[in-house]
Amino acid sequence: MNYWLMKSEPEAYSIADLQQQNETIWDGVRNYQARNFLRQMDKGDLAFFYHSNTNTPNIAGLMRVVKKDIADPTQFEPESKYYDPKSSYESPRWQTVVVEFVETFSNPILLSILKEEFSAEELMLVRQGNRLSVMPVPEAVALKILAMKIS
């Protein structure tokens with residue numbers, strides 16, 4: 001099993017939205033590196049749900065990949081801001097996954113705490129200028145984050 005971190009602005013889609021729906025397709029990713037990480041995900045992988053672009057950015061909870069290698073449907077919808085006219089059903093450019101809710105952390109783990117606990121080499125999230133919305137989390141770091149949610 002691998003671990004990931006996936007960002008969403010809570011006003012757009014929050015951990016509470018995922019909890020209410022139980023599962024969702026993680027659509028709208030339009031960065032090639034983030035897309036490549038999505039392509040590497042396997043069913044059963046765990047992902048930290050990160051609330052970004054908020055006064056207190058934080059890891060808010062946990063979700064699990066339940067389906068992989070899904071063509072992002074928004075790339076085919078001309079009315080979508082994620083529409084990609086160069087993509088086709090035969091050869092989609094943007095793949096994604098379906099995730100399910102696992103848990104909300106009773107005490108979200110703030111970005112400021114993550115910066116104190118992890119170096120930029122350990123956790124991509126704390127690297128200066130990192131704006132990726134999907135990134136891998138090394139197992140040792142993931143286990144430490146999971147331990148932090150309890151304390």
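Worth saying up front: this structure is predicted, and the values here are computed from it rather than measured.

What about the UniProt feature "domain: EVE" (unreviewed entry) in the chain?
- Per the UniProt entry, the sites bearing "domain: EVE" (unreviewed entry) are residues 2-148 in this numbering.
- For residues 2-148, the helix share is 22%, the strand share is 33%, and the end-to-end C-alpha distance is 18 Å.

Some points on the layout of surface pockets
- Approximately 920 Å³ is the volume found for the largest pocket.
- Around the largest pocket sit 30 residues that line it, and Lys-7, Ser-8, Glu-9, Ser-52 and Ser-133 are the ones nearest its centre.
- Contributions of two or more residues to the lining of the largest pocket are made by β1 (3-8), β2 (23-25) and α3 (111-117).
- The residue inventory of the lining of the largest pocket, partitioned by class, reads twelve nonpolar, ten polar and eight charged.

Digging into the pattern of salt bridges
- One pass over the structure, following the stated rule, counts six salt bridges.
- The partner of Lys-68 in a salt bridge is Asp-42, with the nearest N and O atoms 2.8 Å apart. Highlighted residues: Lys-68 in strand β4 (residues 58-71) and Asp-42 in the loop between α2 (32-40) and β3 (46-51), separated in sequence by 26 residues.
- Classification of Asp-42 as partly exposed rests on a relative accessible area of 31%.
- Between Glu-103 and Lys-149 there is a salt bridge, and its shortest N-O distance comes to 3.1 Å. A residue pair is termed long-range when its members are at least 10 positions apart, and Glu-103 in strand β5 (residues 95-110) and Lys-149 in the segment after α4 (139-148) qualify at 46 residues.

Some details on the environment of Tyr-32
- Considering the arrangement of structural elements, one finds Tyr-32 in helix α2.
- Note on Tyr-32: relative accessible area 39%, which makes it partly exposed.
- Measuring from C-alpha to C-alpha, the distance between Tyr-32 and Ile-59 comes to 23 Å, with 27 residues separating the pair along the chain.
- Dropping the residues within four chain positions of it, Tyr-32 is found in contact with Arg-93 and Trp-94.

Describing α4
- Along α4, the positions that sit buried rather than exposed are Val-141, Ala-142, Ile-145, Leu-146 and Met-148. Considered in projection along α4, the buried side chains sweep an arc of 155 degrees and stay on one side of the axis.
- Residues of α4 that are buried make contact with β1, β3, β4, β5, α3 and β6 (134-137).

What about the side chain of Ser-14?
- Positionally, Ser-14 belongs in the loop between β1 and α1 (15-21).
- Residues contacting Ser-14, with those up to four places away along its chain left out, are Phe-49 and His-51.

Looking at the packing of aromatic side chains
- Tallied over the entire structure, the rule returns six aromatic pairs.
- Ring centres 6.2 Å apart and planes at 50 degrees place the aromatic pair Trp-4 and Phe-37 in the tilted group. Residue Trp-4 is found in strand β1, and its partner Phe-37 is found in helix α2; the two are separated by 33 residues along the sequence. Each member of the pair Trp-4 and Phe-37 is classed as buried.
- Aromatic pair Trp-26 and Phe-49: ring centres 5.5 Å apart, planes at 85 degrees, arrangement edge-to-face. Of this pair, Trp-26 sits in the loop between β2 and α2 while Phe-49 sits in strand β3, and the two are 23 residues apart along the sequence. The pair formed by Trp-26 and Phe-49 is uniform in burial state, with each residue classed as buried.
- Joined through ring pairs, the aromatic side chains of Tyr-13, Trp-26 and Phe-49 make up one cluster.
- The aromatic ring of Trp-94 is capped on one face by Arg-35, whose charged end is 5.6 Å from the ring centroid.

Conventions and cut-offs
- Residues numbered from 1 in each chain as written.
- Predicted model: local features only at pLDDT ≥ 70, side-chain atom pairs only at ≥ 80, totals over all residues.
- Heavy atoms only, no water.
- UniProt positions renumbered as here; feature names shortened; annotations may be inferred.
- Helix = DSSP H or I, 4+ residues; strand = E, 2+ residues; numbered from the N terminus.
- 1 Å grid on protein atoms, 1.4 Å probe; cavity = no way out; pocket = protein on both sides within 12 Å on 5 of 7 lines; lining within 4 Å.
- Points joined across faces, edges and corners; volume = space filled by probe spheres on them.
- Nonpolar A, V, L, I, M, F, W, Y, C, P; charged D, E, K, R; others polar.
- Salt bridge = Lys/Arg side-chain N within 4 Å of Asp/Glu carboxyl O.
- Buried < 20%, exposed > 50% of the residue type's maximum accessible area, 1.4 Å probe, protein only.
- Contact = heavy atoms within 4.5 Å.
- Arc of directions from axis to C-beta.
- Phe/Tyr/Trp six-rings, centres within 6.5 Å; stacked < 30°, edge-to-face > 60°.
- Lys NZ or Arg CZ within 6 Å of the ring centre and 35° of its normal.

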